[in-house]
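Take a look at the letters that make up each chain.
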Amino acid sequence: MLKDKKILLCVSGGVAVFKAAALTSQLSQKGATVKVIMTESAKKFVTPLTFQALSRQNVYDDTFDEINPSKIAHIDLAEWADLVLVAPATANMIGKLANGIADDMISTTLLATTAPVWIAPAMNGNMYNHPAVQKNMKTLTSFGYRFIEPNEGYLACGYVGKGRLSEPLEIISYLEQFFAEGQIEQKLKNKKIIVTAGPTQETIDPVRYFTNRSSGKMGYAIAEEAAKWGADVTLISGPTNLPTPQHVHRVDTKTAQDMYDEVLKRYSDCDVVIKAAAVADYRPKNIFTEKMKKQPNDWVVEMERTKDILATLGEKKEDQILVGFAAETERVEEYARGKMERKNLDMIVANNVAEAGSGFQGDTNIVTIYKKDGSSLPLPLLSKNEVAKRLLMEIEPLLEGKSYNDC
Ligand code: PMT
């Protein structure tokens, strides 16, 4: 993941500078090109020569000491980097960046770069917990900077607490994951995906409705993940309390009929539909315009069938990929495969909602993905985000026109 990546390592002053030297060496060994900028105080701990030898690159420390007269070094470095890593980041450097102060080569370059910036703080535990430092880190997070939290343990100042710079391998694993996700990001670029999520509400009278236990978490996780993979995602949601995932276009609906209308109007123009919503199969036949008054006797509500959205999509299917969910409590495979066939789906994700850790409301799910070629992929207990990832990994090859056997 790090091969040929251009990493600008900004080293500010603290005992942990020695770890930045190890980091430089390990990043270089993984094939990254590392250029280093040091603050004056960082140079008091380890000399620039160490970083130069480990990176085989010039080391920068002075905004005004231009090594190449044809370039302005801090702008050039800011534009060169695929990723900027500040490690160790002192309280002072974090404070400067949060407040837009540019009075040395690192802070100046950080303001000039548009590359993703990762910050690995290292300082005394009380300094780390100081409200000013915490506030500055929050500000930077809101600007889009990413943090690699320090570890707890023995600190050079003699305290035991949170403030130790993360180990080089730990930092590297964050960067590798970041680049891996960046590569995934492209995989669904230009693909239009409709995801449905949450329950529906079927009105009886102005104060009552029928609904179900769906929280929307499963569908929202899929929408969020698909957007991370670069897809153009429309999330057609029943009533939930969840925030809209980033870069997702959300359409709110209430009833099965609303959801039917919103999905159908977008269907001809989309590549994939993933139906994680728990749609009501029945709704009250009569909706009362006034609140129904309590009666001495039982109240029988006559119910009628709603339209089956997924079955309709299956009938109208052209070249879209159709993915259903099946919430079952028994004979899971048999019922799930039956739904896949009847509704003309490419795959169905079955969850046994009676099983602990699976189905409604929780943050985890246990699913088996059944495909129309007869194969299946049972997954263990996973977070709903991870289930979403694994599902997209199964869907993506189908969009590339590969056959199921290639997957
Ligand atoms: O939202 P969470 O709390 O995270 O819970 C997740 C979940 C359990 C709701 C989800 O994982 C799930 O299983 N969703 C499908 C629930 C369901 O309605 O299953 P079903 O077996 O009744 O329906 C089969 C498929 O047909 C589903 O894709 C459903 O969206 C679709 N359907 C059903 C009825 C209908 N009228 N129209 C439909 O499109």
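Just above, that's the structure.
Note that the coordinates shown come from a computational prediction; the quantities given were computed from them, not determined experimentally.

What to know about the nonpolar core
Among the nonpolar cores identified, the biggest contains 35 residues, and Ile222, Ile274, Leu391 and Ile395 are the most heavily contacted of them. Every element with two or more residues in this core is listed here: strand 9 (192-197), helix 10 (217-228), strand 12 (232-237), strand 14 (272-275), strand 17 (321-328), strand 18 (347-352), strand 20 (367-371) and helix 14 (384-399). The residues contacting leucine 391, other than those within four sequence positions of it, are Ile222, Ile274, Val323, Phe325, Met347, Val349 and Ile369. If you look at the next biggest cluster of nonpolar residues, it comprises 31 residues, including Ala16, Leu23, Ala120 and Leu175.

Things to note about the site of the ligand
If you check the shell around the ligand, you find 29 residues, and the closest are Ser214, Ser215, Lys339, Asn351 and Gln361. Contacts to the ligand include lysine 275, whose backbone N or O atom sits 2.7 Å from an oxygen atom. Coverage of the ligand by the protein chains reaches 96% of its 770 Å² of free accessible surface. Taken together, the elements giving at least two residues each to the shell around the ligand come down to helix 10, helix 12 (309-316) and strand 17.

Some remarks on the sheet that holds strand 3 (residues 59-60)
On the basis of which strands lie adjacent, the open sheet formed by six strands has the order 3-2-1-4-5-6 and parallel pairing. Each edge of the open sheet is held by one strand with a lone partner, namely strand 3 and strand 6 (146-147). Relative to strand 4 (residues 83-89), strand 1 (residues 6-11) is paired through four bridges, and the arrangement is parallel. Bridge assignment links isoleucine 7 to a residue of strand 4, and that residue is leucine 83. Relative to the sheet, helix 3 (residues 48-55) contacts strand 1, strand 2 (33-38) and strand 3, its axis offset from that of strand 2 by approximately 170 degrees.

Considering the pattern of salt bridges
Counted according to the given criterion, the structure contains 26 salt bridges. With a closest N to O distance of 3.7 Å, glutamate 167 and arginine 164 form a salt bridge. On the accessibility criterion, glutamate 167 (33% relative accessible area) is partly exposed. Residue arginine 164 is classed as partly exposed on the basis of its relative accessible area, which comes to 31%. Put simply, Lys19, Arg164 and Glu167 are held in one network by salt bridges that share partners.

Some points on the side chain of aspartate 205
Counting through the fold element by element, aspartate 205 comes out in strand 10 (residues 202-205). You can call aspartate 205 buried: its relative accessible area is 1%. Of the polar contacts made by the side chain of aspartate 205, one reaches the side chain of arginine 208; its length is 2.4 Å. One polar contact links the side chain of aspartate 205 to the main-chain amide nitrogen of methionine 292, over a distance of 2.9 Å. Those residues within four positions of aspartate 205 in sequence are excluded, and the remaining contacts are Phe288, Glu290, Lys291 and Met292.

Some thoughts on the packing of helix 5 (residues 91-98) against helix 6 (residues 105-112)
The geometry of helix 5 relative to helix 6 is characterised by a closest axis approach of 10 Å and an angle of 40 degrees between their N-to-C directions. Regarding the angle of helix 5 to helix 6, the classification is oblique. The two elements helix 5 and helix 6 meet at a crossing, and its hand is right-handed. Here Met93, Lys96 and Leu97 of helix 5 come into contact with helix 6, specifically with Ile106, Ser107, Leu110 and Leu111. Residues belonging to the contact of helix 5 with helix 6 are distributed by class as follows: five nonpolar, one polar and one charged.

The rules behind each value
Sequence positions are assigned chain by chain, starting from 1 and proceeding in written order. Totals for whole chains, interfaces and linings use every residue, but because this is a predicted model, local features are given only for residues with pLDDT of at least 70 and side-chain atom pairs only at 80 or more, for both listing and counting. To obtain the side-chain values, all non-hydrogen atoms of the structure were used and water was disregarded. Residues grouped as a nonpolar core are buried Ala, Val, Leu, Ile, Met, Phe, Trp, Tyr and Cys residues, joined through side-chain atoms within 4.5 Å. With a 1.4 Å probe rolled over the protein chains alone, any residue whose accessible area is under 20% of its type maximum counts as buried; one over 50% counts as exposed, and the rest are partly exposed. Note on conventions: DSSP H or I runs of at least 4 residues are helices, E runs of at least 2 residues are strands, and numbering of each starts at the N terminus. Residues count as neighbours in contact if any of their non-hydrogen atoms are within 4.5 Å of one another. For this description, a residue counts as near a given molecule or strand if any of its non-hydrogen atoms is within 4 Å of it. Two N or O atoms form a polar contact when they lie within 3.5 Å of each other; inside protein one atom must be a possible hydrogen donor and the other a possible acceptor, and for residues adjacent in sequence the pair counts only when both atoms belong to side chains. What sets the accessible areas is the Shrake-Rupley method with a 1.4 Å probe; for residues, cover comes only from the shown protein chains. At least two bridges found by DSSP between two strands is the condition for calling them paired. Here, axes are lines fitted to C-alpha atoms. For helices the fit covers the stretch in contact, and angles between N-to-C directions go from 0 to 180 degrees. By convention in these notes, a salt bridge is any Lys or Arg side-chain nitrogen within 4 Å of a carboxyl oxygen on Asp or Glu. Oblique is the label for every angle not falling under 35 degrees (roughly parallel), over 145 degrees (roughly antiparallel), or within 65 to 115 degrees (roughly perpendicular). Put simply, a crossing is left-handed when the front helix is turned counterclockwise from the back one by less than a right angle, and right-handed when it is turned clockwise. Nonpolar residues are Ala, Val, Leu, Ile, Met, Phe, Trp, Tyr, Cys and Pro. Charged residues are Asp, Glu, Lys and Arg, and all others, Gly as well, are polar.

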